[in-house]
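An overview of the molecular structure
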Amino acid sequence: MAILPIVKYPEPVLKKRATNVNRVTAEIRRLIDNMAETMYDAPGVGLAAPQIGKSLRVIVVDPTGEEAKQLIVLVNPEIVSAEGEVIGEEGCLSVPGIRANVKRWAKVRVKGYDPIKEKTVEIEADGLLARIFQHEIDHLDGMVFLDRLGRVKRELLRRRYLKRLNEVLKRGKRK
Ligand code: NI
């Protein structure tokens, strides 16, 4: 297993629709192991394959953020039903330093292939778990949470983020 570098916004891979996975090969299983390790190390509560530079429809989620406590892995996940609305704060490992309130479905039913159970599963989620699923599935559709905000707020946060990113890059070059 390996901890992989996390791709930062606005890298193109984060804006692309990720490809369906037709077969869970040994390579995909390795990818999943590395994604889980990278998520726990960050630490984070969810990670989508595009965030480590692989444009594939795979997500790992653990609402506890604690190593292997409640790990959920889904291949080709999709939201099959949703209800209610709730606003809550979000951040993203690919958009470090920025947090914002995002409106999401309050409850979702997510369907996907579980490579641990080796079958298709449906998971009903609310609260934090529902929010994480929506956030991670957005990554598979080429979206980050900033894209869910109103135009004014989005541009403000985007500019603030890019300014900071440029400063970090400049500092790195000077060393
Ligand atoms: Ni994210």
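Note that the coordinates shown come from a computational prediction; the quantities given were computed from them, not determined experimentally.

1. Comments concerning the coordination of the nickel ion
Note on the nickel ion: its protein donors are Cys92 (SG), His135 (NE2) and His139 (NE2). The metal-donor distances range over 2.1 to 2.2 Å. Between consecutive donors of the nickel ion, the numbers of intervening residues give the motif C-x42-H-x3-H. Here His139 lies in helix 2 (residues 127-140) and Cys92 lies in the loop between strand 3 (72-90) and strand 4 (100-114), a separation of 47 residues in the sequence. There is no split in this pair, since Cys92 and His139 are both buried.

2. Observations concerning the side chain of Arg131
Structurally, Arg131 is set in helix 2. Arg131 gets classed as buried once you look at its relative accessible area, which sits at 9%. Residues contacting Arg131, with those up to four places away along its chain left out, are Val86, Ile87, Gly88, Glu89, Glu90, Val102 and Arg104.

3. Some details on the nonpolar core
By size, the foremost hydrophobic cluster in this structure holds 17 residues, and its most contacted members are Ile59, Val61, Ile72, Leu74 and Phe133. The residues contacting Leu74, other than those within four sequence positions of it, are Arg57, Val58, Ile59, Val110, Gly112, Tyr113, Val121, Ile123 and Phe133. Listed in part, the 16 residues of the second largest apolar core include Ile6, Met39, Ile52 and Val58.

4. Side note on the pairing of strand 3
Where a strand is regular, its side chains alternate between the two sheet faces. In the sheet, strand 2 (residues 58-61) pairs with strand 3 via four bridges, with the strands oriented antiparallel. Considered in strand 3, the bridge of Val61 is made with Ile72. Where strand 3 meets strand 4, twelve bridges bridge the pair, whose relative direction is antiparallel. Across the sheet, residue Glu90 finds its bridge partner in strand 4, namely Ala100.

Conventions we followed
- Residues numbered from 1 in each chain as written.
- Predicted model: local features only at pLDDT ≥ 70, side-chain atom pairs only at ≥ 80, totals over all residues.
- Heavy atoms only, no water.
- Donors = N, O, S within 2.8 Å, 3.2 Å for Na, K, Ca; no water.
- Helix = DSSP H or I, 4+ residues; strand = E, 2+ residues; numbered from the N terminus.
- Buried < 20%, exposed > 50% of the residue type's maximum accessible area, 1.4 Å probe, protein only.
- Contact = heavy atoms within 4.5 Å.
- Core = buried A, V, L, I, M, F, W, Y, C linked by side-chain atoms within 4.5 Å.
- Pairing = 2+ DSSP bridges.

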